[in-house]
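Residue-level listing of the chains:
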Amino acid sequence: MSSPPEDTLTVNMKITGKVQGVGFRYFVLRQAQELGINGWVSNKSNGDVEALAQGEKEGLERFVIKVKEGTTFSRVEDVSLNWVKEAEQYFGFEII
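Below is a short write-up of the structure. Because the structure is a prediction, the values reported are computed rather than measured.

In this structure, Met 13, Ile 15, Phe 24, Val 28, Phe 63, Val 67 and Phe 93 are the most contacted members of the largest nonpolar core, which totals 22 residues. Those elements giving two or more residues to this core turn out to be strand S1 (8–18), helix H1 (24–35), strand S3 (49–56), helix H2 (57–69) and strand S4 (75–84). With five residues, H1 is the largest single contributor of residues to this core. Not counting the four nearest positions on each side in its chain, Phe 93 is found in contact with Val 28, Leu 29, Ala 32, Ile 37, Asn 38, Gly 39, Trp 40, Val 41, Leu 52 and Phe 63.

Attention shifts here to H2. An ideal rise of 1.5 Å per residue puts 18 Å on 13 residues; H2 measures up with 19 Å between its terminal C-alpha atoms. Along H2, the residues classified as buried are Gly 59, Leu 60, Phe 63, Val 64 and Val 67. Buried positions in H2, seen along its axis, are confined to an arc of 135 degrees and lie on one side of it. Residues of H2 that are exposed and point more than 90 degrees away from the buried face comprise Glu 58 and Glu 69. In this structure, the buried residues of H2 make contact with S1, H1, S3, S4 and strand S5 (93–95). Phi turns positive one or two residues past the end of H2, at Gly 70, with a value near 70 degrees.

Rules of the game
The numbers attached to residues start from 1 for each chain and follow its sequence in the written order. Under the rules for a predicted model, residues below a pLDDT of 70 receive no local features and side-chain atom pairs below 80 are neither given nor counted, while totals for whole chains, interfaces and linings still include all residues. Neither water nor hydrogens contribute to the side-chain values; these are computed over all heavy atoms in the structure. What is meant by a nonpolar core is a set of buried Ala, Val, Leu, Ile, Met, Phe, Trp, Tyr and Cys residues, joined one to another through side-chain atoms within 4.5 Å. A simple rule labels every residue: compare its accessible area, found with a 1.4 Å probe on the protein chains alone, to the largest value its type can have, and call it buried under 20%, exposed over 50%, or partly exposed in between. Working definition: helices are DSSP H or I runs of at least four residues, strands are E runs of at least two. Numbering for both runs from the N terminus. Any pair of residues with heavy atoms lying within 4.5 Å of one another is described as a contacting pair. Any helix carries an expected span of 1.5 Å times its number of residues minus one. It is the directions from the helix axis to the C-beta atoms whose arc is reported.

As structure tokens, then:
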């Protein structure tokens, strides 16, 4: 397995608020695809949404801003970011 390019960053995101049952994961998927972000997004059993995003710094910063804005029907209360040093390399973005 090859290591990701030097300028590739990885962040694990925990999104809290009204983020399930409102199309939030599909919104995150669309934002990732538009910004060239790789990784995944998933509903958690406690009502949160978790995402892992990989990309260049500028793209990730724009992605985080979009995720914090959310959708018309969602209400994002908090987005906690955990920057990951060593991560599996992802290709594409998916809902898991």
